[in-house]
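# Fold and geometry: a report
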Amino acid sequence: MSGYGFETTTDEILDGVDLTGRRFVVTGASSGLGEETCRALAARGATISMLARNREKTQAAAARIRETVPDARLEIHDVDLADLASIRTFTDAYLADHDAIDVLVNNAGVMCCPLSRTADGFEMQFGTNHVGHFLLTNRLLPALLRGREPRIVNLSSGGHSIANVDLEDPNYESNDYDPWEAYGRSKTANVLFTIELARHLGPHGVLCFAVHPGAIMTDLGRHLTAETIGQMMERTKQRKDDAGETDDGGGMPFKPVEAGAATQVWAATAPELAAHNGAYLGDCQLGVEGANPTHRGYASWARDADTARRLWELSEKLVGETFSPGRA
Ligand SMILES: NC(=O)c1ccc[n+]([C@@H]2O[C@H](COP(=O)([O-])OP(=O)(O)OC[C@H]3O[C@@H](n4cnc5c(N)ncnc54)[C@H](OP(=O)(O)O)[C@@H]3O)[C@@H](O)[C@H]2O)c1
């Protein structure tokens, strides 16, 4: 639909776009795709709230952005998505000072870490990537509902195709932990959260999208080991074999960060997406069920409306709060 593709960059998406007066909140803004998203939006005049847990690292990211966008409108806020108390402290303070948010980009993430738990005892990947963003988003909704043409963008991953959510044992209390499976579950949760948000908020004019950015060399790989890299290569080869593709030995096609962040910037701003609320996006295009997850393919389980509803209910139980989006 867009004429964009694998190589499209953030600056190409925003060519000719004026974002002056628009407020974006970006999680995981201290590095990688989050930093590039903030840079590209700020270069077009947007005001950005950069959220991350390490202030020094976020300040360094803001300084890098100001090297090319000297008048960037950037605010830095501390929030640890692996700690519900931190999220509540942040959202209370933020809502006291900010009336409206136009776009929330839920970009922060952790991948393939050894078994560890958040402050509230959730498995780290599910807890950070999904539960933390679930609470953050719902608590910021009053401001989003006052935003201009509001949107919520949730970073998922083609890695969601590794595993469906496990609503019975979401925190690996009974089953053996597998770091890739846990990542896959958390990234499926990001897609399911998106379609449930779209169902609740669509009637109130909020657009919600799930994004696979592609494969980009960032700090996300900090927990990878020879063993987990081997498992990833094996999985990629198996997928190619199953799809009858010739294995060129090239593994995964990587993108530079400017192309990696392009799909989330497209999701956050493109007028042509207005008719596609709840969509899964990859390579700056609409997703395709069953296609290659390295690009824009998604698994059918990630779009199941009943699972999405049940994940929402489970997430409310885990955070101990219920939400009625749209009536906030
Ligand atoms: N890069 C890829 O190939 C790829 C592929 C598919 C999907 N994605 C998705 O894209 C998103 C961005 O990843 P990236 O590649 O830009 O990785 P990155 O460079 O590691 O950035 C991740 C960001 O999330 C933050 N973060 C992690 N845990 C947090 C927590 N508990 N509280 C607050 N912030 C936290 C990190 O802060 P710290 O540095 O303090 O940890 C960092 O700012 C992720 O959701 C990832 O799953 C990336």
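Every residue gets a number counted from 1 within its own chain, in the order that chain's sequence is written. Under the rules for a predicted model, residues below a pLDDT of 70 receive no local features and side-chain atom pairs below 80 are neither given nor counted, while totals for whole chains, interfaces and linings still include all residues.

## Side note on the overall build of the protein chain
Here is the rule: Secondary structure is summarised from DSSP: a helix means a run of H or I of at least four residues, a strand means a run of E of at least two, and numbering begins at the N terminus for each. Only the C-alpha atoms count toward the radius of gyration. The rule for a globule is 2.2 Å times the residue count to the power 0.38. Here a residue counts as buried when 20 or more other C-beta atoms fall within 10 Å of its C-beta, as exposed when 12 or fewer do, and as partly exposed in between; the C-beta atoms come from the backbone. In this description, a residue-residue contact is defined by the distance between C-beta atoms placed from the backbone, which must lie within 7 Å.
Of the regular secondary structure elements, the protein chain holds ten helices and twelve strands. Here the C-alpha radius of gyration of the protein chain, 18 Å, is about what a compact globule of 328 residues would show, namely 20 Å. Overall, the protein chain is about 50 × 45 × 40 Å in size when its C-alpha atoms are taken along their principal axes. Counting only residues that meet the buried cut, the protein chain has 52% of its 328 residues in that class. In the protein chain, the share of contacts with a sequence separation of at least 24, taken over all contacts with a separation of at least 6, comes to 76%.

## Topic: the pairing of strand E1 (residues 23-27)
Selection criterion: Two strands pair if DSSP finds at least two bridges between them. If you view a crossover with the strands going away from you and the path from the first strand over the helix to the second runs clockwise, you call it right-handed.
Most of E1 is tucked away: five of the five residues are buried. In E1, alternate side chains face the same way, and those of Arg-23, Val-25 and Thr-27 on one face and Phe-24 and Val-26 on the other are all buried. Summarising the sheet, E1 and strand E2 (residues 47-52) pair through five bridges and their orientation is parallel. Considered in E2, the bridge of Val-25 is made with Ser-49. In terms of handedness, the path from E1 via helix H2 (residues 32-42) over to E2 forms a crossover that is right-handed.

## Focus on the environment of Ala-43
Its location among the elements puts Ala-43 in the loop between H2 and E2. Each C-alpha atom, one on Ala-43 and one on Ser-300, is 37 Å from the other, the two residues being 257 residues apart in sequence.

## What about the sheet that holds E1?
As a reminder of what qualifies: Every axis in this analysis is a line fitted to C-alpha atoms, fitted for helices over the stretch in contact. Angles between the N-to-C directions lie between 0 and 180 degrees.
Spatially, E3-E2-E1-E4-E5-E6-E9-E10 is the arrangement adopted by the eight strands of the open sheet, whose pairing is mixed. The strands lining the two open edges of the sheet, one partner per strand, are strand E3 (73-78) and strand E10 (285-286). Pairing between strand E4 (residues 103-106) and strand E5 (residues 151-155): four bridges, direction parallel. Following the sheet pairing, Val-105 is matched in E5 by Val-153. Set on the sheet, helix H9 (residues 262-269) makes contact with E1, E4, E5, strand E6 (207-212) and strand E9 (280-282); between it and E5 the angle comes to about 160 degrees.

## Observations regarding unusual backbone geometry
Of note, Asp-283 is a non-glycine position whose phi angle comes to about 50 degrees, a positive value. Along the chain, Asp-283 turns up in the loop between E9 and E10. Residue Asp-283 is classed as buried on the basis of its 23 C-beta neighbours within 10 Å. The backbone of Cys-284 sits at a positive phi, close to 55 degrees, despite the residue not being glycine.

## Considerations on the site of the ligand
Selection criterion: Any residue whose backbone-placed C-beta atom lies within 6 Å of a molecule or strand is treated as near that molecule or strand.
The immediate surroundings of the ligand are formed by 28 residues, with Gly-28, Gly-32, Gly-109, Ser-157 and Leu-220 found nearest. Secondary-structure elements contributing two or more residues to the shell around the ligand are H2 and strand E7 (215-216). Top contributing element to the shell around the ligand by residue count: H2, with three residues.

## Here we look at the packing of helix H4 (residues 84-97) against helix H5 (residues 124-144)
Applied cut-off: In these notes the angle categories are as follows: under 35 degrees is roughly parallel, over 145 is roughly antiparallel, 65 to 115 is roughly perpendicular, and the rest is oblique. Take the far helix as your reference; a near helix turned counterclockwise from it by less than a right angle gives a left-handed crossing, and one turned clockwise gives a right-handed crossing. Ten residues, namely Ala, Val, Leu, Ile, Met, Phe, Trp, Tyr, Cys and Pro, are considered nonpolar, four, namely Asp, Glu, Lys and Arg, are considered charged, and the remaining ones, Gly among them, are considered polar.
Between H4 and H5, the shortest axis-to-axis distance is 10 Å and the interhelical angle comes to 15 degrees. In terms of orientation, H4 lies roughly parallel with respect to H5. For the pair H4 and H5, the sense of crossing is right-handed. For the pair formed by H4 and H5, the contact residues are Leu-84, Ile-87, Thr-91 and Leu-95 on the first element and Gly-132, Leu-135, Leu-136, Arg-139, Leu-140, Pro-142 and Ala-143 on the second. Among the residues making up the contact of H4 with H5, the classes are represented as eight nonpolar, two polar and one charged.

## A closer look at the environment of Asn-171
Tracing the backbone through its elements, the reader meets Asn-171 in the loop between E5 and helix H6 (179-201). Given 20 C-beta atoms within 10 Å, Asn-171 falls into the buried group. Remark: the alpha-carbon pair of Asn-171 and Ser-116, spanning 55 residues in sequence, is separated by 10.0 Å. Aside from chain neighbours lying at most four places away, what touches Asn-171 is Gly-121, Phe-122, Glu-123 and Phe-126.

## Some points on H9
H9 sits mainly inside the fold: eight of its eight residues count as buried. Residues of H9 that are buried: Ala-262, Thr-263, Gln-264, Val-265, Trp-266, Ala-267, Ala-268 and Thr-269.

## Let's talk about the confidence of the model for the protein chain
The criterion, for reference: pLDDT is a residue-level measure of predictor confidence that goes from 0 to 100.
On average, residues of the protein chain score 95 in pLDDT, and 97% of them reach the 70 mark or higher. Taken element by element, the predicted model of the protein chain shows its lowest mean pLDDT in helix H7 (residues 226-243) (87) and its highest in E1 (99).

## Some remarks on the pairing of E3
Side-chain positions along a regular strand alternate between the two faces of the sheet. By the bridge criterion, six bridges tie E2 to E3 in an arrangement that is parallel. Among the inter-strand pairings, Met-50 is bridged to a residue of E3, identified as Ile-76. Crossover E2 to E3 through helix H3 (residues 55-68) is right-handed.

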